[in-house]
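Chain by chain, the residues run as shown.
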Protein chains: 2
Amino acid sequence: MKQTYFTPGPAELYPTFSQHLQTAMNQQIGSISHRSQKFRDLYKFTDEQLRILLTIPDTHGIFFTGSASEVWERVLFNCVEHESFHLVNGSFSKKFYDYANALHKFAHIQEKPFGEGFDYADVEVPEYAELICLAHNETSSGVQMRTNDIHKLKRKYPKKLIVVDMVSSAPYPDLDYSLIDSAFFSVQKAFGMPAGLGVWIASQKCLEKAERLQKYDNMTIGAHHTLPTLWSNYKNFETPATPNVLFIYILGKIAEDLNKIGIETVRKQTEEKAKMLYKFLDSSDAYEPFVKQERHRSQTVVVATTAKPSADVIGAAKAAGMVIGSGYGKFKESQIRIANFPATSTEQIEALISQMQA
Amino acid sequence: MKQTYFTPGPAELYPTFSQHLQTAMNQQIGSISHRSQKFRDLYKFTDEQLRILLTIPDTHGIFFTGSASEVWERVLFNCVEHESFHLVNGSFSKKFYDYANALHKFAHIQEKPFGEGFDYADVEVPEYAELICLAHNETSSGVQMRTNDIHKLKRKYPKKLIVVDMVSSAPYPDLDYSLIDSAFFSVQKAFGMPAGLGVWIASQKCLEKAERLQKYDNMTIGAHHTLPTLWSNYKNFETPATPNVLFIYILGKIAEDLNKIGIETVRKQTEEKAKMLYKFLDSSDAYEPFVKQERHRSQTVVVATTAKPSADVIGAAKAAGMVIGSGYGKFKESQIRIANFPATSTEQIEALISQMQA
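About the cut-offs
- Residues numbered from 1 in each chain as written.
- Chains lettered and ligands numbered in written order.
- Predicted model: local features only at pLDDT ≥ 70, side-chain atom pairs only at ≥ 80, totals over all residues.
- Helix = DSSP H or I, 4+ residues; strand = E, 2+ residues; numbered from the N terminus.
- Rg over C-alpha atoms; globule rule 2.2 N^0.38 Å.
- Buried ≥ 20, exposed ≤ 12 C-beta atoms within 10 Å, placed from the backbone.
- Contact = placed C-beta atoms within 7 Å.
- Pairing = 2+ DSSP bridges.
- Axes fitted to C-alpha atoms, helices over the stretch in contact; angles between N-to-C directions.
- Nonpolar A, V, L, I, M, F, W, Y, C, P; charged D, E, K, R; others polar.
- Left-handed = near helix turned anticlockwise from the far one by under 90°.
- Least-squares fit on C-alpha atoms with pLDDT ≥ 70 in both.
- Parallel < 35°, antiparallel > 145°, perpendicular 65-115°, else oblique.
- Expected span 1.5 Å × (residues − 1).
- Arc of directions from axis to C-beta.
- Domains from an automatic or database assignment.
- pLDDT = per-residue confidence, 0-100.
- Core = buried A, V, L, I, M, F, W, Y, C linked by C-beta atoms within 7 Å.

Before going further, it helps to spend a moment on the overall build of chain A. Scanning chain A for helices and strands turns up eleven helices and 14 strands. In terms of overall size, chain A behaves like a compact globule, its C-alpha atoms giving a radius of gyration of 20 Å where 358 residues would be expected to give roughly 21 Å. Seen through its C-alpha atoms, chain A measures out along the principal axes to roughly 65 × 55 × 30 Å. The 358 residues of chain A split such that 56% are buried. A separation of at least 24 residues holds for 71% of the contacts in chain A among residues at least 6 apart in sequence.

The structure is reproduced here in structure tokens:
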């Protein structure tokens, strides 16, 4: 039986995915050279569609990696000489911080308990931190940070670089790239694709920092996918190494589909579906929204504490053809996570709610 | 018109690729969790099939990265404290060396002119080099190193680690993993898949070295895809970050297909097809094999100097439905490269030769 995936990534494939995959196979996209005009046209198309969708200005480049986790490493290598600063409120923002330590950066941390989020007023960035690292959406706990608060943070610290992990929320957050220096996501979340491609948006300021570290400070910024190499290839819509050409093609096509709907509508639909889910959880005796503060509740990954063991809830949904995620880490047995990505329709969310009510 | 790709990667897709892709779509492999039993079973299956195909013993783990180029960086980070040694005879072995410099390793180089290969007797490894890095097959020049010579090299320097780049030849080389510490490839070459997945084989000795560097020497071995993290996840057939699940699945299925044929037959077929190509090139006035020494001629990437501009040859082949590669770098206009991977049959190679004769 075909299941509907409400898991927070890998997730339900976008409805048009199969069709784009078929077109790609017909066009033999899996065999074309990454040094061909056909590839350059394809990269250019995906770049254009993502720029429209996310309102990315010319000051920023769009690059491809193997995953979003790889970007954690790349941005730290390329944009931090000594000190990074991390807002940590869940497992993934914590891993970003762990990566900084693993690279022997001096990593500052400001932490919130699991399930709580950051407001602008909470945050104090240490004087010598060069890069502010934060997650717009914590996939593990279902907490989000308001984009307005992220923007205010950058305005308060204009000389520091800021990077936003939007792995499990893009294209939802309306980031203002005149303020945001870098952001990244992976395609197996809200873009409804299989895993295997990371997308890294970075500004000329990030590039300048990387070049300075490499040339003048004689530091290593890594060897693979360094920002200067990515950028010099990007000028011709090429990549330093052979990328996941097939997925870059399909990402462009899905971004085009979302642009046809319009990003404002996509965001509104996301909010309406999230509202349905939270309303149900609030009113139900069997569930409770895990995140207490409404302003911190994720619009794309809804986390609920379950009265019954989560395995029972997950099992019952599965029997009805719906796959929902378990809680993360130590909350595995007491929570569920429901992805609210563009790939699942209002009707599918309604069906899930009906099932959970049963 | 559907073309047959004789390009050295991305290349012609393996004949069963579409069918495996369809099965994967039917099974919703693109949506399954990388923390599910289904994923663990899938990783285990691919691991088993690759072990059979390449005769990989239990001393070695099999890991997945975004690309083979990523492995250059990972193996240098994890297996080199101070000094690496590189046999360079083309653009890709040169890039491996460049990566070592970029990571601020002290990188020794022994270099041959483009189109020439290394024999065991040529090689002198510097005393303090910890890792010997070489390409079994240089995709840029069509030069290969005999596996016997690679094995002798390790026997002469048993205390040094050795890593073999077999990006554009695996599964052809019959490496002896009781000698070879690490090897790697990407799937868009002889495995006939689209690009987007690297495969890294590494031994417990490599792991021990990585652990020593990290724990006792307090060095950074990178943050993403470090060998200790890959290995500890691998014990449960998991990965540290979300990998390209779909491609790992298909890789296992194609490895299974190759195992059904039998690796000895696959190698023999490769050699027979290569013989046909070289025989044709030797006998033709319009082409000449670029690699003069027969023992260094690649069995998987055949490079020829063309009497006419290579663009004419490539254009004529394309009009006949066959895509061949141009020469690499400064040889772009005077050479062609023909991939001889398992995906193309004897009949297809015959058809290509006929066309090139016309």
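Once that is clear, we can look at the sheet that holds strand S14 (residues 335-339) of chain B. All names here are of chain B. Taken in spatial order, the five strands line up as S1-S13-S14-S12-S11 in an open sheet, and their pairing is mixed. In this open sheet, the two edge strands, each paired with only one partner strand, are strand S1 (4-6) and strand S11 (287-289). On average, each strand axis in the sheet is tilted by 35° relative to the strand beside it, whichever way the strands run. Judged from the five bridges that link them, strand S12 (residues 301-306) and S14 form a sheet pairing that is antiparallel. By the bridge assignment for S14, Val301 is matched with Ala339. Along the sheet, helix H10 (residues 310-319) contacts S12, strand S13 (322-326) and S14; its crossing angle with S13, the most-contacted strand, is approximately 160°.

Take unusual backbone geometry next. All names here are of chain A. Looking along the chain, the bond that leaves Gly9 and enters Pro10 is cis, with omega of -10°. By secondary structure assignment, the location of Pro10 is in the loop between strand S1 (4-6) and helix H1 (17-26). Unlike most non-glycine residues, Asn218 shows phi in positive territory, near 50°. Mapped onto the elements, Asn218 comes out in the loop between helix H6 (204-215) and helix H7 (227-234).

Counting from both sides, the interface comprises 43 residues of chain B and, opposite them, 43 residues of chain A. Among the secondary structure elements, those contributing two or more residues to the side of chain B that touches chain A are helix H1 (17-26), helix H3 (68-79), helix H4 (91-102) and helix H8 (245-261) of chain B. When residues in the side of chain B that touches chain A are grouped by element, the largest group, four residues, is from H3 of chain B. Residue classes in the side of chain B that touches chain A are distributed as 18 nonpolar, 21 polar and four charged.

Right, let's talk about the packing of helix H2 (residues 37-54) of chain A against helix H8 (residues 245-261) of chain A for a bit. Residues and elements named next belong to chain A. One can describe the packing of H2 onto H8 by two numbers: an axis separation of 8 Å at closest approach and a directional angle of 35°. Along this stretch, H2 crosses H8, giving a crossing that reads as left-handed. Across the interface between the two elements, Phe39, Leu42, Tyr43, Phe45, Thr46, Gln49, Leu50, Ile52 and Leu53 of H2 pack against Val245, Ile248, Tyr249, Leu251, Gly252, Ala255, Glu256, Leu258 and Asn259 of H8. Here the residues of the contact of H2 with H8 are counted per class, giving 13 nonpolar, four polar and one charged.

When chain B is fitted onto chain A, the two copies agree to an RMSD of 0.0 Å after a turn of 180° and an axial shift of 0.0 Å. Each copy turns onto its partner about a two-fold axis. Residue Gly66 of chain B, judged by its C-alpha, is the member of chain B lying nearest the rotation axis, at 2.2 Å. A high fraction, 100%, of the interface residues of chain B reappear at the interface in chain A, so the copies pair face to face through one surface.

Glancing now at the packing of H3 of chain B against H4 of chain B. Axis angle and axis distance: for two packed helices, these are the angle between their axes and the distance between the axes, and together they describe the pair. Residue and element names in this part refer to chain B. Viewed as axis vectors pointing N to C, H3 and H4 meet at an angle of 45°, and their least axial separation amounts to 9 Å. When the axes of H3 and H4 are compared, the pair comes out oblique. When you trace H3 past H4, the crossing you get is right-handed. In this structure, H3 contributes Trp72, Glu73 and Leu76 to the contact, and H4 contributes Phe96, Tyr99 and Ala100. Of the residues assigned to the contact of H3 with H4, the class counts are five nonpolar, no polar and one charged.

A word on helix H11 (residues 346-357) of chain B. All names here are of chain B. When the terminal C-alpha atoms of H11 are compared, their 16 Å separation across twelve residues agrees well with the 16 Å that a helix rising 1.5 Å per residue should span. Among the residues of H11, Ile349, Leu352 and Met356 are the ones counted as buried. Buried residues of H11 fall within an arc of 60° about the axis and therefore sit on the same side. Away from its buried face, by an angle of more than 90 degrees, H11 presents the exposed residues Thr346, Glu347, Ser354 and Gln357. Here the buried face of H11 lies against S1, helix H9 (263-283), H10 and S13.

Our focus in this paragraph is the domain arrangement of chain A. All names here are of chain A. The domain architecture assigned to chain A consists of domain 1 (4-11 + 263-357) and domain 2 (17-260). A separation of 26 Å is found between the C-alpha centroids of domain 1 and domain 2. Contacts between domain 1 and domain 2 engage 26 residues on the former and 24 residues on the latter. Looking at the side of domain 1 that touches domain 2, the elements with two or more residues in it are helix H9 (263-283) and strand S12 (301-306). When the residues that make up the side of domain 1 that touches domain 2 are grouped by side-chain class, the tally is 14 nonpolar, eight polar and four charged.

With that settled, consider the environment of Ser169 of chain A. Residues and elements named next belong to chain A. Here Ser169 is to be found in the loop between strand S8 (161-165) and strand S9 (182-186). Overall, Ser169 belongs to the buried group, with 27 C-beta atoms counted inside 10 Å. Between the C-alpha atoms of Ser169 and Gln348, which are 179 residues apart in sequence, the distance is 19 Å. The residues contacting Ser169, other than those within four sequence positions of it, are His136, Asn137, Gln144, Ala190 and Thr300.

Mean pLDDT over chain A works out to 97, with 100% of the residues at or above the 70 mark. This complex was scored by the predictor with a pTM of 0.98 and an ipTM of 0.98.

What follows is about H7 of chain A. All names here are of chain A. Looking only at H7, the buried set comprises Leu227, Leu230 and Tyr234. Axial view of H7: buried residues confined to an arc of 65°, hence all on one face. In this fold, the buried residues of H7 make contact with strand S2 (60-65), helix H3 (68-79), strand S10 (198-203) and H6.

Residue and element names in this part refer to chain A. One open sheet holds the five strands; their spatial order is S1-S13-S14-S12-S11, and the pairing between them is mixed. Pairing within the sheet leaves two strands with one partner each, and these edge strands are S1 and strand S11 (287-289). Strand-to-strand, the axes of this sheet are offset by a mean angle of 35°, without reference to chain direction. As paired strands, S11 and S12 are joined by three bridges and run antiparallel to one another. Bridge assignment links Pro289 to a residue of S12, and that residue is Ala304. On the sheet, helix H10 (residues 310-319) packs against S12, strand S13 (322-326) and strand S14 (335-339) and is oriented at approximately 160° with respect to S13.

A few words now on the nonpolar core. One finds Met193, Ile250 and Leu251 of chain A to be the most contacted residues of the largest nonpolar core, which totals 115 residues. With ten residues, the top contributor of residues to this core is H8 of chain A. Lining this core are residues from two domains, each supplying at least three of them: domain 1 (4-11 + 263-357) and domain 2 (17-260) of chain A. What Ile250 of chain A contacts, discounting residues up to four positions off in sequence, is Phe17, His20, Leu21, Ala24 and Met193 of chain A. Formed by 114 residues, the second largest nonpolar core is a distinct cluster that contains Phe77, Val199, Ala255 and Ile338 of chain B.

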